[in-house]
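The residues making up each chain are set out below.
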Amino acid sequence: MNRSILTVLVVLLAAPGLRAQEGDTSEPKQDKAADRDEILAALELPKKAQALRNKGVEKAEVREALRAARGKKLKARQARDLLEGAEEAVDESGPIDNFGAFVKARLAEGLRGRELAAAIRAEHQARGKGKGKKGEPKGQGPDKEKGPKKAKPKAGPAEDDETAEVEEESPGGRGSGQGQGQRGRGRSGR
Amino acid sequence: MTRTIVMSLVLATLLVGFGCSQGGGSGDSGTAVPEKVTQAAAIAAEIEASPDQAAAILQKHGMTTDEWTALMYEIAENAEWSDAFEAAR
């Protein structure tokens, strides 16, 4: 009887310790995976930035956007997603003036990830230089017809809602006001 | 006398114009690609060959993940460095 009680006590006392050990081993694994993903994402940044420049976004604009991202301590994954989102937006609607300033402002507002990508896409749709120019030779119609064609699996209905919200805000609000202010600066610098 | 003044003015204008065109660019042109870019490309190649060992590879080269991320940001910001990085990988 005493032995049984002792055995039960030993098991009860040992169990939490065992559980803790299991936790200790799984957490570093997660950390390692996150670390690896971050390292690999960082490795892609030069290529993504170059792709954006090759598609007509000014060097200075790309630099400003990246500096803003770094300044806001964006993880490499987030910065990579930002550049990818911008590249898709450029493909759809052409580059915009003051891309860097726009990204900087949105980051300052706290936009990240999907929200930021949606804002970038909306801004490009609103004032992309290639609207109705770049798309036509390829047999593509106006942007409205394209719709969320480029939407990746991550872009669900919720993102569409976000895009709509931003589109409503940009024309009269922060987007246009700021853009015009910096447009003059950009031209004089070139 | 007048001709000398005119010639001086033309020369000065040309010199100022040349100076502006050299210094007023995006900041990328004309800068040599530093050694750290080629070193980073070599590390990147190692990482790509063994992605699961990424952290260990960085450690071997005396870098943390944050330092690596900062370096990649820095390279990405510069068009010439990005070209050199991609070419050297």
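This text follows the structure it describes.
Criteria and cut-off values
Residues numbered from 1 in each chain as written. Chains lettered and ligands numbered in written order. Predicted model: local features only at pLDDT ≥ 70, side-chain atom pairs only at ≥ 80, totals over all residues. Heavy atoms only, no water. Helix = DSSP H or I, 4+ residues; strand = E, 2+ residues; numbered from the N terminus. Buried < 20%, exposed > 50% of the residue type's maximum accessible area, 1.4 Å probe, protein only. Core = buried A, V, L, I, M, F, W, Y, C linked by side-chain atoms within 4.5 Å. Contact = heavy atoms within 4.5 Å. Expected span 1.5 Å × (residues − 1). Buried area = accessible area lost by both parts, 1.4 Å probe. Salt bridge = Lys/Arg side-chain N within 4 Å of Asp/Glu carboxyl O. Polar contact = N/O pair within 3.5 Å; in protein donor to acceptor, adjacent residues only side chain to side chain.

Peer 1: Hey, could you run me through the environment of Glu84 of chain A in this one?
Peer 2: All names here are of chain A. Tracing the chain through its elements places Glu84 in helix 3 (residues 76-93). Here Glu84 falls in the buried class, since its relative accessible area comes to 17%. C-alpha of Glu84 to C-alpha of Leu45: the two residues are 39 residues apart in sequence and 9.7 Å apart in space.

Peer 1: What should I look at first to understand the nonpolar core in this one?
Peer 2: Nonpolar side chains in soluble globular proteins tend to end up buried together. Judged by nonpolar contacts, the single largest core of 48 residues is most densely connected at Phe99 and Ile120 of chain A together with Ile47, Trp68 and Met72 of chain B. Ignoring sequence-local partners within four residues, the contact set of Phe99 of chain A consists of Leu52, Val57, Glu61, Ala65, Leu82, Ala86, Ile120 and His124 of chain A.

Peer 1: It is not clear to me how helix 4 (residues 65-77) of chain B should be interpreted in this structure. Could you clarify?
Peer 2: Between its terminal C-alpha atoms helix 4 of chain B stretches 18 Å, which fits the 18 Å expected from 13 residues at 1.5 Å a residue. Those residues of helix 4 of chain B that fall on the buried side of the exposure criterion are Thr65, Trp68, Thr69, Leu71, Met72, Tyr73, Ile75, Ala76 and Glu77 of chain B.

Peer 1: Sorry, what's going on with the interface of chain A and chain B here?
Peer 2: A common way to state how big an interface is: give the accessible area lost once the parts meet. Each partner contributes residues to the interface: chain A has 24 residues there, and chain B has 29 residues. For the chain A and chain B pair, buried surface summed over both sides reaches about 2,200 Å², with 60% attributable to carbon and sulfur atoms. The largest contributions to the chain A side of the interface with chain B come from Ile39, Leu43 and Arg70 of chain A, which together make up 29% of the buried area. Taken together, the links from chain A to chain B amount to 3 salt bridges. For Arg67 of chain A, the salt bridge is made with Glu77 of chain B, and the minimal N-O distance between the two is 3.3 Å. Where chain A touches chain B, the interface holds 11 residue pairs in polar contact (both at pLDDT 80 or more).

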